[in-house]
Amino acid sequence: HTLICSRETLCLNRYWTPPIDGYIRYKRASDYVEHFQELMGMAVNDRIRCASVGVFMSGGMDSSTVAATAKTVLSQQSKPFNLV
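To keep things clear, this report deals only with the structure shown in the data block. (Residues numbered from 1 in each chain as written. Predicted model: local features only at pLDDT ≥ 70, side-chain atom pairs only at ≥ 80, totals over all residues. Heavy atoms only, no water.)

## Considering helix α2 (residues 61–75)
Then step 1. Helix length check: α2 (15 residues) gives 21 Å between terminal C-alpha atoms against 21 Å at 1.5 Å per residue, within 8%.
Then step 2. Taken together, the buried positions of α2 are occupied by Ser63, Ala67, Thr69, Ala70, Val73 and Leu74.
Then step 3. On the buried face of α2, the contacting elements are α1 (29–47), β3 (52–53) and β4 (82–83). (Helix = DSSP H or I, 4+ residues; strand = E, 2+ residues; numbered from the N terminus. Expected span 1.5 Å × (residues − 1). Buried < 20%, exposed > 50% of the residue type's maximum accessible area, 1.4 Å probe, protein only. Contact = heavy atoms within 4.5 Å.)

Written out as structure tokens, the structure reads:
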């Protein structure tokens with residue numbers, strides 16, 4: 001959200017709305033996991049800019065998922081990497 005303040009008004013606007021093109025329905029439950037892993041890999045790969053990558057580990061599932069995905073993405077490349 002964005003907060004816009006002026007002397008006359010205070011306005012809260014939605015900054016971004018995700019696209020909603022419909023529903024994804026798979027026949028098997030495992031297809032949802034595979035689709036998530038594919039999208040997660042694409043997102044992490046898109047954000048890796050060099051061969052030395054650091055991930056802050058909070059102890060939750062999000063950071064460990066990002067770290068594991070980064071390791072998978074970097075391992076698929078033919079060059080050495082440093083993941084800390």
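Past the structure itself, the notes keep going.
## Side note on the side chain of Thr69
Then step 1. Turning to its location among the elements, Thr69 is positioned in helix α2.
Then step 2. Take Thr69: its relative accessible area is 13%, and that puts it in the buried class.
Then step 3. In this structure the side chain of Thr69 is engaged in a polar contact, spanning 2.7 Å, whose partner is the backbone oxygen of Thr65.
Then step 4. With residues up to four places along the chain from it excluded, the contact list for Thr69 reads Met40, Gly41 and Val44. (Polar contact = N/O pair within 3.5 Å; in protein donor to acceptor, adjacent residues only side chain to side chain.)

## Let's talk about the pattern of salt bridges
Then step 1. By the definition in use, this model includes two salt bridges.
Then step 2. The partner of Asp31 in a salt bridge is Arg28, and the shortest N-O contact between them spans 2.5 Å.
Then step 3. For Asp31, a relative accessible area of 15% corresponds to the buried category.
Then step 4. The partner of Arg47 in a salt bridge is Asp46, with the nearest N and O atoms 3.6 Å apart. (Salt bridge = Lys/Arg side-chain N within 4 Å of Asp/Glu carboxyl O.)

Read these as geometric descriptors, not functional statements.
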